[in-house]
Amino acid sequence: TIKLQDDPNSGIVYNLPVQVKASDGIVQNFSFDFSAKGGPSNIVGVFAKDREGIPIITFPDGNSWKKRETGPVGVYYDDGMNPKKLYVIRQLKGPELTVDIIDGKNGVVTSTIKAKAGNPTITFEFPGGSVSGVFSLKKKTISFEDGNVWTKF
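I will try to describe carefully the structure that is included in this document. (Residues numbered from 1 in each chain as written. Predicted model: local features only at pLDDT ≥ 70, side-chain atom pairs only at ≥ 80, totals over all residues. Heavy atoms only, no water.)

**A word on the nonpolar core**
Nonpolar side chains tend toward joint burial in soluble globular proteins.
Then, in step 1: The biggest cluster of nonpolar side chains holds 14 residues, and the ones touching the most others in it are Tyr 77, Ile 89, Val 99, Ile 122, Phe 124, Ile 142 and Trp 150.
Then, in step 2: Those elements giving two or more residues to this core turn out to be β9 (85-93), β10 (96-103), β11 (108-117), β12 (121-126) and β14 (141-144).
Then, in step 3: Looking at which element gives the most residues to this core, the answer is β10, with 3 residues.
Then, in step 4: Leaving out residues up to four positions away in the same chain, Ile 122 has contacts with Pro 72, Leu 97, Ala 115, Lys 116, Ala 117, Val 131, Ser 132, Gly 133, Phe 135 and Ile 142.
Then, in step 5: Leu 4, Phe 30, Phe 32 and Phe 34 belong to the second-largest nonpolar core, a separate cluster that totals 7 residues. (Core = buried A, V, L, I, M, F, W, Y, C linked by side-chain atoms within 4.5 Å. Buried < 20%, exposed > 50% of the residue type's maximum accessible area, 1.4 Å probe, protein only. Helix = DSSP H or I, 4+ residues; strand = E, 2+ residues; numbered from the N terminus. Contact = heavy atoms within 4.5 Å.)

Written out as structure tokens, the structure reads:
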């Protein structure tokens, strides 16, 4: 099933049946039953990825659903140079971010730093000074000049 809510203010949430068709383990399309909403009972959406690699489902009427990527905010990252560290990036206000640095071994936040989002550069205020990283929506990474890469998981 899939949960749909047309209007976030209405409070109405639909649980709609969906079937997945795959070939060799790769999703090809989805068959949705919109009858609970007064729509067709068998509408096929074709699964693909756009040029940036973001999943998209396209319907016969031209409508499409694209996975909404939130950028770097609110996700966990592995540190490519220190596998014992994890990072959680949260938005404070506008481009202002906060980053929790977590000891991956025991899950404890060891420190919190500030950061500022740009497009696509994010500037992190580490205790030793500012460091900039480049966010890639397609790769879901933040890459730094020293070669370190944080990978979203």
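**Observations concerning the environment of Lys 21**
Then, in step 1: Assignment of secondary structure puts Lys 21 in strand β3 (residues 18-23).
Then, in step 2: With 10 residues separating them in the primary sequence, Lys 21 and Ser 31 have C-alpha atoms 7.9 Å apart.

**Observations regarding unusual backbone geometry**
Then, in step 1: The step from Asn 119 to Pro 120 runs through a cis peptide bond, and the omega angle for that step is 10°.
Then, in step 2: Checked against the element boundaries, Pro 120 lands in the loop between β11 and β12.
Then, in step 3: Phi is positive for Lys 140, which is not a glycine, with a value near 60°.
Then, in step 4: On the secondary structure map, Lys 140 appears in the loop between β13 (129-136) and β14.
Then, in step 5: Residue classification places Lys 140 among the partly exposed residues on the basis of a relative accessible area of 23%.

**What to know about the packing of aromatic side chains**
Then, in step 1: Counting across every chain of the model gives 13 aromatic pairs.
Then, in step 2: On the numbers, 4.9 Å between centres and 65° between planes, the contact of Phe 59 with Trp 65 is edge-to-face.
Then, in step 3: Residue class for Phe 59 comes out buried when judged on its relative accessible area of 8%.
Then, in step 4: Take Trp 65: its relative accessible area is 27%, and that puts it in the partly exposed class. (Phe/Tyr/Trp six-rings, centres within 6.5 Å; stacked < 30°, edge-to-face > 60°.)

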